[in-house]
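Here is how the chains run, residue by residue.
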Amino acid sequence: MLFRSAPASKERRGKKKVLMLISDTGGGHRASAHALEAAMLKEMDMEVKVVDIWTEYGRFPWNKMAAGYPFCCKYPAIWKSMYYTTIGLEVPTDILWRLQCGSGFKRCIGGFDPDMVVSLHPLCQNLPLAVMDTLAKEKGLPGRTAPFATVCTDLGSAHPSWFDKRVDLCFVASEAVRKVAGRRGLKGSKVRMHGLPVRKAFWRASEQNAQATPSQMEQLGLKPNLKTVLVVGGGDGVGSLSKIVEQTASQLAKDCPGAAQVVAVCGKNKVVKKQLEARRWPGVHVEVRGFCSGISDYMEAAHVVVTKAGPGTIAEAAIRGLPTMLSSHLPGQEAGNVPFVVNKGFGRFSTQPKVIANTVSSWLQDDRELARLSAAALAAGQPEATQLIAKDLVKLLKTAA
Ligand code: UDP
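Our subject in this report is the structure included herewith. (Residues numbered from 1 in each chain as written. Predicted model: local features only at pLDDT ≥ 70, side-chain atom pairs only at ≥ 80, totals over all residues. Heavy atoms only, no water.)

**Notes on the nonpolar core**
- Val 18, Met 20, Met 40, Leu 230, Phe 346 and Leu 393 are the most contacted members of the largest nonpolar core, which totals 60 residues.
- With 6 residues, the single largest contributor to this core is helix 16 (residues 385-399).
- When neighbours within four sequence positions are excluded, Leu 230 is seen to be in contact with Val 263, Val 265, Tyr 298, Met 299, Ala 302, Val 304, Val 305 and Val 306.
- Residues Tyr 57, Phe 105, Cys 108 and Ala 146 belong to the second largest nonpolar core, which totals 36 residues. (Core = buried A, V, L, I, M, F, W, Y, C linked by side-chain atoms within 4.5 Å. Buried < 20%, exposed > 50% of the residue type's maximum accessible area, 1.4 Å probe, protein only. Helix = DSSP H or I, 4+ residues; strand = E, 2+ residues; numbered from the N terminus. Contact = heavy atoms within 4.5 Å.)

Below you can see the structure in the form of structure tokens.
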């Protein structure tokens, strides 16, 4: 372990405090943080604070990173250049960030004075670790006294900045990501592979071929007894959501008129939501939703999901046993999510709305194929991941007492 126990005189009384560091670039980091918070609170009473440290304590332009993320996702070329530039220019960017944002990060971490820090974002390792050491030195201590853990919220590939040798524990969700951690020099003993943290609704796997009852479908505003396609575009509703919904709906109206419905979940993308709501859909039932807090219920109701290759949505779909059609991926961190789904045999990938629509329609008309894909999804799902990570984190927190 790289942290040192706090000297006896500095030992605390009362609840232990855990600081979770994220940036709201996409919905997944915050969703994972709150999932872990819930699982850790089941293990032990403690105070947990989840902070978007870059937005709340960073300086311009870094405090606008989360706000600018949906724009970058819309233009993958911009994202790609940022993703790979930050790999090549790690040292200068780290220095720049320390100069510009170091004092803000000190206010955040020093102000809360946590007993443990958990990072759930690739840009929340280097600077927070450096700041924790500075804070300790200012108190006359040789190094940080609180343990630091990283929970990588990427699935099939991950930016190298997720991995820092100085952390005490690092959680990854796939062999591919474990390899990236190894290449960055993290000792095997520090790396744990339980899966991706997911919200409580996903801590139990679905039964094979389980389907929402007619009354559950009605409660969601859906028609019972129709084959159901759920189309989601991540928390920000990115990807060619409206084209995919339009193609899929018109294909289903042609192939199985009156027998299918599409649920379009637009997340925070109000423009797409409005566009889709204004359309008429002959031959097929279409329901349009904004950000759904109960996405698990919609996944229970669906036979197939179409989504961009967001790690959270993929992990959740697997737990729900949902055949998964991937419609896009961000360059870099989402690229590995495509082989994760395809090689595990529970879905396919295409960026072409026409191909997506045809594939989904053919799945819906073939119950044996639906069952095969669903079984493969359930085999890939890791509903126990969140609780296992939480148990390990609580153990680490206790060692810091
Ligand atoms: N999500 C949700 N409601 C919505 C849309 C998305 O709860 O209306 C959740 C989704 O279930 C997943 C997260 O937001 O847990 C999106 O994470 P993902 O990693 O798939 O993509 P990101 O938005 O982080 O790029």
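**Description of the pairing of strand 4 (residues 148-151)**
- In strand 4, alternate side chains face the same way, and those of Phe 148 and Thr 150 on one face and Ala 149 and Val 151 on the other are all buried.
- When strand 3 (residues 116-119) meets strand 4, the two strands line up parallel, connected through 3 bridges. Considered in strand 4, the bridge of Val 117 is made with Phe 148.
- Crossover connection from strand 3 via helix 6 (residues 126-138) to parallel strand 4: handedness right-handed. (Pairing = 2+ DSSP bridges. Right-handed = clockwise from strand over helix to strand, strands pointing away.)

**With respect to the sheet that holds strand 3**
- One open sheet holds the 6 strands; their spatial order is 2-1-3-4-5-6, and the pairing between them is parallel. Sheet topology places strand 2 (46-52) and strand 6 (191-193) at the edges, where each strand pairs with a single neighbour. Across the sheet, the mean angle separating the axes of adjacent strands is 20° when strand polarity is ignored.
- Pairing of strand 1 (residues 16-22) with strand 3 involves 4 bridges; the strand directions are parallel. Bridge assignment links Val 18 to a residue of strand 3, and that residue is Met 116.
- Where helix 5 (residues 90-112) meets the sheet, it contacts strand 1 and strand 2, and its direction lies at approximately 160° from that of strand 1. (Axes fitted to C-alpha atoms, helices over the stretch in contact; angles between N-to-C directions.)

**What to know about empty space enclosed by the protein**
- Across all of its chains, the model carries 2 cavities of 30 Å³ or more by this definition.
- The calculated volume of the largest cavity comes to roughly 80 Å³.
- The wall of the largest cavity is formed by Leu 155, Gly 195, Leu 196, Val 198, Ile 314, Ala 315, Ala 318, Ile 319, Phe 340, Ala 380, Gly 381 and Gln 382.
- Tallied by class, residues from the lining of the largest cavity come to 9 nonpolar, 3 polar and no charged. (1 Å grid on protein atoms, 1.4 Å probe; cavity = no way out; pocket = protein on both sides within 12 Å on 5 of 7 lines; lining within 4 Å. Points joined across faces, edges and corners; volume = space filled by probe spheres on them. Nonpolar A, V, L, I, M, F, W, Y, C, P; charged D, E, K, R; others polar.)

**Examining the site of the ligand**
- Lining the immediate environment of the ligand, one finds 17 residues, of which Arg 199, Cys 292, Lys 308, Thr 313 and Glu 316 sit closest.
- In the model, an oxygen atom of the ligand is placed 2.7 Å from a nitrogen or oxygen of the Cys 292 main chain.
- The contact in question runs from an oxygen atom of the ligand to an N or O atom on the side chain of Glu 316, over 2.5 Å.
- When the ligand is considered free in solution it has 530 Å² of accessible area, and contact with the protein chains removes 95% of it.
- In terms of residue count, the dominant contributor to the shell around the ligand is helix 12 (residues 311-319) (4 residues).
- Looking at the shell around the ligand residue by residue, the classes come out as 5 nonpolar, 9 polar and 3 charged. (Near = heavy atom within 4 Å. Polar contact = N/O pair within 3.5 Å; in protein donor to acceptor, adjacent residues only side chain to side chain. Areas by Shrake-Rupley, 256 points an atom, 1.4 Å probe, with all protein chains shown as cover.)

**Digging into the environment of Ser 374**
- Tracing the backbone shows Ser 374 in helix 15 (residues 367-380).
- For Ser 374, a relative accessible area of 6% puts it in the buried group.

**Some details on the packing of aromatic side chains**
- Applying the stated criterion to the full structure yields 3 aromatic pairs.
- Aromatic pair Trp 54 and Phe 105: ring centres 4.9 Å apart, planes at 70°, arrangement edge-to-face. With a gap of 51 residues between them, Trp 54 in helix 2 (residues 53-57) and Phe 105 in helix 5 connect regions that are remote in the sequence. When sorted by exposure, Trp 54 lands in the same class as Phe 105, which is buried.
- An aromatic cluster is present here, built from Trp 54, Trp 62, Trp 97 and Phe 105 joined pairwise through their rings. (Phe/Tyr/Trp six-rings, centres within 6.5 Å; stacked < 30°, edge-to-face > 60°.)

**So, the side chain of Asp 392**
- As for its placement among the helices and strands, Asp 392 is situated in helix 16.
- Setting aside its immediate chain neighbours within four residues, Asp 392 contacts Leu 169, Phe 171, Arg 192 and His 194.

**Some points on helix 15**
- Between its terminal C-alpha atoms helix 15 stretches 20 Å, which fits the 20 Å expected from 14 residues at 1.5 Å a residue.
- Along helix 15, the residues classified as buried are Leu 370, Leu 373, Ser 374, Ala 376, Ala 377 and Ala 380. When helix 15 is viewed along its axis, its buried side chains cluster within an angular range of 160° and face the same direction. The exposed set on the far side of helix 15, more than 90 degrees from its buried face, consists of Asp 367, Arg 368 and Ala 379.
- Residues of helix 15 that are buried make contact with strand 7 (227-232), strand 10 (304-307), helix 12, strand 12 (347-349) and helix 14 (353-364).
- N-cap assignment for helix 15: the residue whose side-chain oxygen lies 3.2 Å from the backbone N of Arg 368 is Asp 366. (Expected span 1.5 Å × (residues − 1). Arc of directions from axis to C-beta.)

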